[in-house]
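Summary of structural features
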Amino acid sequence: MNVPELPNLIHYAIPFFVLTVIIEVILTVKVKMEDYEYKDAITSITMGLGNVFIGLFTKGIILTFFIFLYQFRFFTLPFAWWTWVILLFAEDICYYWNHRIAHESRLFWASHVVHHSSQKYNLSTALRQTWSGSFYTFIFWAPLPLLGFHPIMILMQMSISLLYQYWIHTELIDKLPRWFEAIFNTPSHHRVHHATNPQYLDRNHAGIFIIWDKLFGTFEPEVEKPIYGLVTNINTYNPLKVAFIEWFNMFSDIFTSNTSLWKRFLYLIKPPGWKHDGTGKLSTDLRKEWEKTKKREAL
């Protein structure tokens, strides 16, 4: 197969990221007449730069893994336009499940929590990326090389997905035409995902297409104003703490809890908030409490 040389889109997009963040700052301060949290933005940008640097090494690991699996592929798909169309949807559903599990399993939440740690929602928040996730979350894309998509194509589509998701991290765009909101992930849909309002928790995991959330029952429309951040915020601008505090907390629960080895292991796979003694609260518990409150108010 003739494999074309494909560019690293993320690196080429960095000047665009810088320019659009500056424009958003100006619009926020001068047009919306709101304060802009510069310390928070600097932390987000630092996390993004760290992610790009780490990616210089982890991309090799990921590519090697995909090439290994590609040897056992069921089909051989060419570099053709129709293959890219299929890959657009195939990669996106892999992303959906990766993203959903990142909210439902603490091992994956430990790296993904970085992206949710800001209490602000703007384009700089999109750059607040993990320093640890790229070492292990790529396993969710393992079906793609086995189906016959070339590893280079997969990496390219993963980059395209990340680039798409950049522009949806803003409050400057309200709602888009109904047909677009019905099919694609939008700023409105993704604001819900970043919110801590009980009805918004663990909703709208989409990458490019919101259809997966509607299909698998995790969709929630934006109704009331979102409150951003974490259920329990970490309140720090220190990039090292942002990157690793949940890893520290998770391993602390594993090694200091007075319980069985099995229940200690469950701290890795159970959702964030789970406690072996039943004292923890999950997002599903918070949502149920909210639903009960709404029912009482309606009476």
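Everything numeric in this text was worked out from a predicted model, so none of it was measured. (Residues numbered from 1 in each chain as written. Predicted model: local features only at pLDDT ≥ 70, side-chain atom pairs only at ≥ 80, totals over all residues. Heavy atoms only, no water.)

Describing a nonpolar patch on the surface
What counts is decided by this rule: Patch definition: residues above 30% relative accessible area lacking any salt bridge, with like charges linked at up to 9 Å and the nonpolar side chains Val, Leu, Ile, Met, Phe, Trp and Tyr linked at up to 5 Å. Only the protein chains shown count as cover for residues, and the accessible areas themselves come from Shrake-Rupley with a 1.4 Å probe. Salt bridges are defined by distance alone: a side-chain nitrogen of Lys or Arg within 4 Å of a carboxyl oxygen of Asp or Glu. Put simply, DSSP H or I for four residues or longer makes a helix, DSSP E for two residues or longer makes a strand, and each gets a number counted from the N terminus. Relative accessibility under 20% of the residue-type maximum defines a buried residue, over 50% an exposed one, and the middle range a partly exposed one, all with a 1.4 Å probe and only protein chains included.
Side chains of L19, I23, L27, V31 and L172 sit close together on the surface and give an oily, nonpolar patch of about 420 Å² of accessible area. Checked against the element boundaries, V31 lands in helix α1 (residues 9-31). Since its relative accessible area comes to 59%, V31 is described here as exposed.

Considering the packing of helix α4 (residues 106-116) against helix α11 (residues 239-256)
Note the cut-off: Helix axes use the C-alpha atoms of the stretch in contact, all axes being lines fitted to C-alpha atoms, and the angles between their N-to-C directions lie in the range 0 to 180 degrees. Angles below 35 degrees are treated as roughly parallel, those above 145 as roughly antiparallel, those between 65 and 115 as roughly perpendicular, and all remaining angles as oblique. Take the far helix as your reference; a near helix turned counterclockwise from it by less than a right angle gives a left-handed crossing, and one turned clockwise gives a right-handed crossing. When checking whether two residues touch, look at their non-hydrogen atoms; a contact exists if any pair is within 4.5 Å.
Running from N to C, α4 and α11 cross one another at 155°; their axes reach a closest spacing of 7 Å. The orientation of α4 with respect to α11, classified from their angle, is roughly antiparallel. The chirality of how α4 crosses α11 is right-handed. Of α11, the residues touching α4 (which contributes R106, L107, W109, A110, S111, V113 and V114) are V242, A243, E246, W247, N249, M250 and D253.

Quick look at the layout of surface pockets
We apply this condition: Points on a 1 Å grid over protein atoms alone make up a cavity when a 1.4 Å probe fits among them but cannot get out, and a pocket when they form an open set with protein on both sides within 12 Å along at least five of seven lines; lining residues each have an atom within 4 Å of a point. Grid points are joined across faces, edges and corners, and a volume is the space filled by probe spheres set on the points. When residues are sorted by character, Ala, Val, Leu, Ile, Met, Phe, Trp, Tyr, Cys and Pro go into the nonpolar class, Asp, Glu, Lys and Arg into the charged class, and all the rest, Gly among them, into the polar class.
Approximately 1,200 Å³ is the volume attributed to the largest pocket. Looking at the largest pocket, it is lined by 46 residues, and the ones nearest its centre are I10, N51, Q129, T130 and L162. Looking at the lining of the largest pocket, the elements that each hand over two or more residues are α1, α2 (38-70), α3 (81-104), α4 and α7 (151-166). Along the lines of polarity and charge, the residues of the lining of the largest pocket split into 23 nonpolar, 21 polar and 2 charged. Volume-wise, the second largest pocket comes out at about 920 Å³. What lines the second largest pocket is a set of 38 residues, and nearest its centre among them are W109, V231, P272, G273 and K281. Here the lining of the second largest pocket gets 6 residues from one element, more than from any other, and that element is helix α13 (residues 283-298). Broken down by class, the residue content of the lining of the second largest pocket amounts to 14 nonpolar, 12 polar and 12 charged.

Quick word on the side chain of H169
Formally: Any N or O atom pair separated by 3.5 Å or less is treated as a polar contact, with the protein-specific requirement of one donor-capable and one acceptor-capable atom, and with residues adjacent in sequence counted only for side-chain atom pairs.
Examined against the element boundaries, H169 turns out to sit in the loop between α7 and α8 (178-183). In this structure the side chain of H169 is engaged in a polar contact, spanning 2.7 Å, whose partner is the backbone oxygen of Q165. Within polar-contact distance, the side chain of H169 engages the side chain of H190 at 3.2 Å. Setting aside residues up to four positions removed in sequence, H169 forms contacts with E24, H115, Y121, N122, L123, T125, A126, H190 and H194.

Here's the deal with the UniProt feature "transmembrane region" (unreviewed entry) in the protein chain
Formally: UniProt positions are given in the numbering used here, feature names are shortened, and annotations may be inferred rather than shown by experiment.
The UniProt entry lists residues 12-31, 52-73, 79-97 and 138-167 under the feature "transmembrane region" (unreviewed entry), expressed in the numbering used here. Helix makes up 89% of residues 79-97 and strand makes up 0%, while its end C-alpha atoms are separated by 25 Å.

Points about the UniProt feature "domain: Fatty acid hydroxylase" (unreviewed entry) in the protein chain
Using the residue numbers shown here, the UniProt feature "domain: Fatty acid hydroxylase" (unreviewed entry) corresponds to residues 84-218. For residues 84-218, helix accounts for 56% and strand for 0%, while the C-alpha atoms at its two ends are 27 Å apart.

Things to note about the packing of α2 against α11
The relative placement of two packed helices comes down to the angle between their axes together with the axis-to-axis distance. Where α2 meets α11, the axes come as close as 9 Å, and the angle between the chain directions of the two elements is 65°. Our classification of the angle between α2 and α11 gives roughly perpendicular. Contacts from T43, T46 and M47 of α2 reach α11 at P239, V242 and A243.

Topic: a positive patch on the surface
Quick note on the threshold: Lys and Arg are tallied as positive, Asp and Glu as negative. Neither His nor the chain termini are counted. To locate a charge, take atom NZ for lysine, CZ for arginine, CG for aspartate or CD for glutamate.
Judged by side-chain charge, K288, K292, K295 and R296 come together as a positively charged surface patch. Counting through the fold element by element, K295 comes out in helix α13. On the basis of relative accessible area, K295 is assigned to the exposed category, the value being 62%.

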